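# Analysis of the macromolecular model
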Amino acid sequence: LSASPRVVVLLLSLLGLAAAGKLLVVPVDGSHWLSMREVLDILGQRGHEVVVVAPEVSLQIKPSKNFVMKTYPVPFTQQEMDGVLQGLIKDVFEEGSFLERVIRLYQRAKKNSVVFLATCTYLLQNKELIRYLEQSKFDAVLTDPILPCGQIVAEHLSLPSVYFLQQIPCGLENPATQCPNPPSYVPRLFTGLTDRMTFLQRVKNLLFDIPNLFLCDVVFQPYAELASEFLKREVTVLDLLRQGSVWLMKLDFVLHFPKPLMPNMVLISGVNCAYKKLSQ
């Protein structure tokens, strides 16, 4: 009570920083959603207004009492969507040589990208929903950048974006954040290598990066074209990813090999674990 008016004004302004916010969420379906849902439930319980935008047909995205759900129609059935997940699981866990696995994932990426690209296209073409998002005055966008639809929406609304992810295909999180990703230190997917390699293993690790150029082009180039058309200017997927303010990475250095990080990359491994009491 004896504080000066200046101190009171300062304290009141700090209280404003703790006020609940309005968060727009553009998730990616499947297992990516399951861990994000845990975070959204807690945010909703703490008084934040959370709005989730999702297609009417999905694998895992369901309504919750802790957030508002806005859905939009898409041109495929639930059976077709279920087939996407089943095919992906089969291709990822099926064994084979490096070349066989690359070809198999390349073909799967082409099939799956058609479905997810259609989902994003129908969101951006839904004028009524986009108008609602423009008028809602959100504070930020939370999205999983493994597919860049959320980034397109954030760029259109001129909102800061928070990324919630483990990693992006082809390691695009590294050039997007200017994070070093040396092949002499960071093992690549399918190599079976560790962070301690001989010279020949480093050469092998470098060569395993080459197929990523083709895989990335198949998956992400259509999104670059879609974003350019929607935003009315030429953009690339890297241009969109660079706009991320904070990267919440579901990684740790217990289950993952050490690698460089940038200051806005925050490790949050464990957020995707179920809250269940273990039996003896």
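Our structure is the block above this text.
Residues numbered from 1 in each chain as written. Predicted model: local features only at pLDDT ≥ 70, side-chain atom pairs only at ≥ 80, totals over all residues. Heavy atoms only, no water.

### Here's the deal with the environment of Gln201
Just so we agree on the cut-off: Going along the chain from the N terminus, every DSSP run of H or I of four or more residues is numbered as a helix, and every run of E of two or more is numbered as a strand. Exposure categories follow from relative accessible area, calculated using a 1.4 Å probe and restricted to protein chains: below 20% of the type maximum is buried, above 50% is exposed, and the middle band is partly exposed. Two residues form a contact once any of their heavy atoms are found within 4.5 Å. What qualifies as a polar contact is a pair of N or O atoms within 3.5 Å, subject to a donor-acceptor requirement within protein and to the restriction that residues adjacent in sequence count only when both atoms come from side chains.
Within the secondary structure layout, Gln201 lies in helix α8 (residues 199–207). A relative accessible area of 28% places Gln201 in the partly exposed class. Sequence separation between Gln201 and Pro183 is 18 residues; the distance between their C-alpha atoms is 9.6 Å. If we skip the residues at most four places from it in the chain, Gln201 touches Leu193 and Arg196. A polar atom in the side chain of Gln201 sits 2.8 Å from the backbone nitrogen of Thr198.

### What about helix α6 (residues 149–157)?
With respect to burial, α6 is a largely interior element, 7 of its 9 residues being buried. Of all the positions in α6, only Cys149, Gly150, Gln151, Ile152, Val153, Ala154 and Leu157 are classed as buried. Ser158 sits one or two residues past α6 and shows a positive phi near 55°.

### Here we look at helix α5 (residues 127–135)
Working note: α-helix, 3.6 residues per turn, so residues spaced by three or four point in the same direction. Put simply, the rule is: By arc we mean the arc of the directions from the helix axis to the C-beta atoms, nothing more.
Burial in α5 covers these residues: Leu129, Ile130 and Leu133. Projected down its long axis, α5 shows its buried positions confined to an angular sector of 100°, all on one face. Projecting away from the buried face of α5 at angles above 90 degrees are the exposed residues Lys127, Glu128 and Gln135. The positive-phi residue at the C-terminal boundary of α5 is Lys137, with phi of around 55°.

### Some words on the packing of α5 against α6
The condition that has to hold: Only the stretch in contact is used when a helix axis is fitted, and all axes are lines through C-alpha atoms; the angle between N-to-C directions ranges over 0 to 180 degrees. These descriptions rest on fixed angle ranges, namely under 35 degrees for roughly parallel, over 145 for roughly antiparallel, 65 to 115 for roughly perpendicular, and the rest for oblique. It is the rotation of the near helix from the far one that decides the hand of a crossing: anticlockwise by less than a right angle makes it left-handed, clockwise makes it right-handed.
Put simply, α5 and α6 touch, their axes get as near as 10 Å, and they point 55° apart. Between α5 and α6, the crossing angle belongs to the class labelled oblique. The chirality of how α5 crosses α6 is right-handed. Across the interface between the two elements, Ile130, Leu133 and Glu134 of α5 pack against Val153, His156 and Leu157 of α6.

### What about the side chain of Glu173?
Here Glu173 lies in helix α7 (residues 173–177). In terms of polar contacts, Glu173 uses its side chain to reach the backbone amide nitrogen of Ile168, at 3.1 Å. Excluding residues that lie within four positions of it along the chain, Glu173 makes contacts with Gln167, Ile168, Trp247, Lys259 and Met265.

### Things to note about the sheet that holds strand β3 (residues 68–72)
The strands making up a sheet are joined through hydrogen bonds of the backbone, oriented either antiparallel or parallel. Let me state the cut-off plainly: In this analysis, strands are considered paired if DSSP registers two or more bridges between them.
Spatial ordering of the open sheet is given by β3-β2-β1-β4-β5-β6-β7, a layout of 7 strands whose pairing is parallel. The open sheet has two free edges, formed respectively by β3 and β7 (265–267), since each of these has just one partner strand. Sheet twist, expressed as the mean angle between neighbouring strand axes with direction ignored, is 20°. In the sheet, strand β4 (residues 140–143) pairs with strand β5 (residues 161–165) via 3 bridges, with the strands oriented parallel.

### Topic: the pairing of β5
Across a regular strand the side chains alternate sides, sitting on one face of the sheet and then on the other. Convention followed: Here the term right-handed applies to a crossover when the path leading from its first strand over the helix to its second strand runs clockwise, the strands being oriented away from the viewer.
In terms of burial, β5 is largely enclosed, as 4 of its 5 residues are buried. The parallel pair β4 and β5 is bridged by α6, and the resulting crossover is right-handed. With 5 bridges connecting them, β5 and strand β6 (residues 244–249) associate as parallel partners. Bridging across to β6, Val162 finds its partner in Val246.

### Let's talk about the state of the cysteines
Operational definition: Only a pair of cysteine sulfur atoms within 2.5 Å qualifies as a disulfide here.
Following the criterion strictly, the structure yields 1 disulfide and no others. The disulfide that involves Cys120 links it to Cys149, with 2.2 Å between the sulfurs. Judged by the torsion about the S-S bond (90°), the Cys120/Cys149 disulfide is right-handed. With Cys120 in helix α4 (residues 98–124) and Cys149 in helix α6, this pair connects stretches of sequence that are 29 residues apart. In this structure Cys120 comes out as buried when scored by relative accessible area, which is 2%.

### Looking at the side chain of Thr119
By secondary structure assignment, the location of Thr119 is in helix α4. The class for Thr119 is buried, based on a relative accessible area of 9%. Look past the residues within four positions of Thr119 in its chain and what remains in contact with it is Pro55, Tyr72, Val74 and Phe76.

### Details of the environment of Val74
Summarising the element assignment, Val74 is placed in the loop between β3 and α3 (78–93). For Val74, a relative accessible area of 14% corresponds to the buried category. Separated by 48 residues in the primary sequence, Val74 and Tyr122 have C-alpha atoms spaced 6.2 Å apart. Beyond its immediate stretch of four places on either side in the chain, Val74 contacts Pro55, Val57, Thr119 and Tyr122.

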